[in-house]
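Listed below, chain by chain, are the residues.
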Amino acid sequence: MDKMERTLVFVKPDGVQRGLVGEIISRFEKTGLKLVALKMLRMDKEMAGKHYAIHQGKPFFEGLVSFITSSPLIAAVFEGNNAVEVARKTIGATWCTALIRWRMRKRKSAFSFPTERL
């Protein structure tokens, strides 16, 4: 059963810095979701702590907060039938790739991982 939903999507600091905002928004719009709100902001540590509270105490929490507060991001709200599910399918497994990249940078490793999904 289809249900009208809204979902929040972040284009995180690295996506903004790499100039991917338009491409990312376009990908969501191509799925049939409608962009209903858009804002560029600089997330502070308090807001990041609240947003990622579920991860507090985990080994990557401090790095995540540091990353998300490092420079501006885009907060976008999309609306459509089953918007949460559609957004999750569109995003894919980017969190794992981002976490691997972060861990490798922390270790100052020479390895590189594909980032085309980010």
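Residues numbered from 1 in each chain as written. Predicted model: local features only at pLDDT ≥ 70, side-chain atom pairs only at ≥ 80, totals over all residues. Heavy atoms only, no water.

J.: What is the right way to read the side chain of Asn82 from this model?
T.: Relative to the assigned elements, Asn82 resides in the loop between β3 (73-81) and α5 (83-91). Setting aside chain neighbours within four positions, we find Asn82 in contact with Met1, Asp2, Lys3 and Glu5. (Helix = DSSP H or I, 4+ residues; strand = E, 2+ residues; numbered from the N terminus. Contact = heavy atoms within 4.5 Å.)

J.: Where do I start with the sheet that holds strand β1 (residues 4-11) in this structure?
T.: Backbone hydrogen bonds hold the strands of a sheet together, and the pairing may be parallel or antiparallel. Pairing within the open sheet is antiparallel, and its three strands lie in the order β1-β3-β2. Edge strands, defined here as strands with exactly one partner in the open sheet, are β1 and β2 (34-41). Looking at each pair of strands side by side, their axes are set apart by 15° on average, direction ignored. Sheet topology note: the β1/β3 ladder contains eight bridges and is antiparallel. Note on β3: the bridge partner recorded for Met4 is Asn81. The strands touched by α5 within the sheet are β1 and β3, with β1 carrying the most contacts at an inclination of about 30°. (Pairing = 2+ DSSP bridges. Axes fitted to C-alpha atoms, helices over the stretch in contact; angles between N-to-C directions.)

J.: Just checking my understanding: could you explain the confidence of the model for the protein for this structure?
T.: As a note on interpretation, predicted positions should not be read in detail where pLDDT is low. Per-residue confidence for the protein gives a mean pLDDT of 83; residues scoring 70 or more make up 78%. Confidence, read as mean pLDDT per element, is least for helix α6 (residues 94-106) in the protein (51) and greatest for β2 (97). Long-range and interchain partners of residues 107-118, a stretch whose pLDDT sits below 50, account for 19 contacts in this model, where long-range means more than four residues apart. (pLDDT = per-residue confidence, 0-100.)

J.: It is not clear to me how helix α2 (residues 21-30) should be interpreted in this structure. Could you clarify?
T.: Each α-helix winds once per 3.6 residues, and so residues spaced three or four apart point in a common direction. Looking at α2, one finds that the buried residues are Ile24, Ile25 and Phe28. For α2, the arc enclosing every buried residue in end-on projection is 95°, short of the 170-degree limit, so these residues lie on one face. Residues of α2 that are buried make contact with β1, β2, β3 and α5. Looking at the residues trailing α2, positive phi occurs at Gly32, about 100°. (Buried < 20%, exposed > 50% of the residue type's maximum accessible area, 1.4 Å probe, protein only. Arc of directions from axis to C-beta.)

J.: Just to check I follow, could you spell out the pattern of salt bridges for this structure?
T.: Side-chain pairs of opposite charge can arise where the charged atoms are in close proximity. Within the structure shown, the criterion is met by five salt bridges. Across the pair Glu5 and Lys3 runs a salt bridge whose closest N-O atoms are separated by 3.5 Å. Under the relative-accessibility criterion, Glu5 is labelled buried at 18%. On the basis of relative accessibility, which here comes to 49%, the residue Lys3 falls in the partly exposed class. As a salt-bridge pair, Arg27 and Glu23 come within 2.8 Å of each other at their nearest N and O atoms. You can see Arg27 and its partner Glu23 sitting in helix α2, four residues apart, about one turn around the helix. Exposure remark for Arg27: the relative accessible area of 45% places this residue in the partly exposed category. (Salt bridge = Lys/Arg side-chain N within 4 Å of Asp/Glu carboxyl O.)

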